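The chain contents come next:
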Amino acid sequence: MGEWESKQKRHILAKAICIAGFFGSLVSVCAFAENWTKETEQSEVKAARRAMDIEIEEVPPMLMAMAETTEDEPDVTKEIVRDRLLSSVPRADYSYSFDKMLGGAKVVTRPGDYGGYNEGQYPVENVEKAPLFTEGIEGDAIYLDGSYGLELADIAPLSDSYTISFWFKAEELCDWSPFMMIGSHLTDTEGAQNYISFNKKTNENGEDVVPIFNTINVVYDNSCEVRPCFDDKKCIDLNDWNYITIRVDASQVSGEDDTKVMAYLYLNSEMIGCSEVSKMCFDGENMKAYIGISCYDRMFRACYDEIHIWNCLLDEDQISTMYKAYINANS
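Residues numbered from 1 in each chain as written. Predicted model: local features only at pLDDT ≥ 70, side-chain atom pairs only at ≥ 80, totals over all residues. Heavy atoms only, no water.

Colleague: Where do I start with the pattern of salt bridges in this structure?
Modeller: Pairing is possible between side chains that carry opposite charge, provided their charged atoms lie close to one another. For the structure shown, the criterion picks out 9 salt bridges. One salt bridge in this structure joins Lys 200 and Asp 208, with 3.0 Å as the shortest N-O distance. Taking the shortest distance from any N to any O, the salt bridge between Glu 225 and Arg 227 comes out at 2.6 Å. Salt bridges sharing common partners tie together Glu 171, Glu 172 and Arg 301. (Salt bridge = Lys/Arg side-chain N within 4 Å of Asp/Glu carboxyl O.)

The structure is reproduced here in structure tokens:
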């Protein structure tokens, strides 16, 4: 082999060694850069975490509590009228506001009606009958045009002491036709019929008397009522909204008949009458609650709004608070 060829081979070998060294150095640099980047990132993360820990430690506990506190939820144990919490009035067990929806009620009619009356058939749901709404005391109200009523579904037997209130505006009134009826075995007039109702009657002088709170208990064989006892409060005016309330106090048992207790009737938060009424023997398997309709009597045209039923005894201040809250909101 000549000298020139040997020099050429040594030159190529040296070049190859240089290239290999370069790539080896490059790999080392990349590895170092990668490790340095990871260590830097980890250091930054640790530093950020330490800063967060320091920041959290330095935040006063009161501010932390405020930051963690979500928006207060409304008190579901109290009544609310027009977004105003009535702190002294417990939330009703059953409420029906009728703001463009039935909300736990359903439209019912009676098969076999004649002349607006019936011989004793339970109203049945009528899905083809559209409910009517009108302006109410708070939002909308339900309007019954005399062709249908409402069943207030899912009502269980009331407690021994209870309170019922509702806004009512009638275009017409009929004797015995109930504004509201709650009871069990409504057609069993010889055995277990039990119900309470609000209605209208004509007295012996031909005067309309309304509202009247009536109780029927066939089991105890008694019938009682509370009616207005003042001449200037004998009858409500047609086409006017009226706030009707009844309070039944089971702790005030009659001294002559322990199947009767005291009840107090109010019109626009003013007591207009009191009397003994029947204790109830409601059957939980057969409870019914209606407005504007019953199993027998004629239907009529009227509006209802803000029906509330409490399984407890409200006092007069609480009744007045409810009434004023509605009146103030509307005025």
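Colleague: Teacher, can you tell me more about the nonpolar core here?
Modeller: The biggest cluster of nonpolar side chains holds 49 residues, and the ones touching the most others in it are Ile 164, Phe 168 and Tyr 304. Considering every element that reaches this core, the biggest residue donor is strand β9 (residues 162-170), with 5 residues. Excluding residues that lie within four positions of it along the chain, Ile 164 makes contacts with Leu 158, Met 180, Ile 182, Ile 196, Phe 198, Ile 244, Thr 245, Ile 246, His 308 and Ile 309. (Core = buried A, V, L, I, M, F, W, Y, C linked by side-chain atoms within 4.5 Å. Buried < 20%, exposed > 50% of the residue type's maximum accessible area, 1.4 Å probe, protein only. Helix = DSSP H or I, 4+ residues; strand = E, 2+ residues; numbered from the N terminus. Contact = heavy atoms within 4.5 Å.)

Colleague: How do you make sense of the environment of Met 262 when you look at a structure like this?
Modeller: Structurally, Met 262 can be placed in strand β15 (residues 260-267). For the pair Met 262 and Arg 247, spaced 15 residues apart in the sequence, the C-alpha separation amounts to 8.5 Å. If we ignore the near neighbours within four places in the chain, the residues touching Met 262 are Arg 247, Val 248, Asp 249, Gln 252, Cys 274, Ser 275 and Glu 276.

Colleague: How should the environment of Glu 125 be read in this particular structure?
Modeller: Turning to its location among the elements, Glu 125 is positioned in strand β5 (residues 124-125). Owing to a relative accessible area of 48%, Glu 125 belongs among the partly exposed residues under this scheme. Sequence-wise, Glu 125 and Lys 106 are 19 residues apart; in three dimensions their C-alpha atoms are separated by 6.6 Å.

Colleague: Sorry if this is basic, but what is going on with the side chain of Ser 278 here?
Modeller: Here Ser 278 lies in strand β16 (residues 270-278). We classify Ser 278 as buried; its relative accessible area is 2%. A distance of 2.4 Å separates the side chain of Ser 278 from the side chain of Asn 222, its partner in a polar contact. For Ser 278, the residues in contact, after removing those within four places along its chain, are Thr 215, Asn 217, Asn 222, Ser 223, Cys 224 and Thr 259. (Polar contact = N/O pair within 3.5 Å; in protein donor to acceptor, adjacent residues only side chain to side chain.)

Colleague: How should I be thinking about the side chain of Asp 305 in this particular structure?
Modeller: One can find Asp 305 in strand β18 (residues 301-310). Look at Asp 305: it is buried, it has no salt bridge, and the nearest opposite charge is Arg 82 at 7.4 Å. In terms of polar contacts, Asp 305 uses its side chain to reach the backbone amide nitrogen of Glu 138, at 3.2 Å. Apart from residues lying up to four places away in sequence, Asp 305 is in contact with Tyr 96, Ser 97, Phe 98, Gly 136, Ile 137, Glu 138, Asp 140, Ala 141, Phe 166, Trp 167 and Trp 241. (Lys, Arg positive; Asp, Glu negative; His and termini not counted.)

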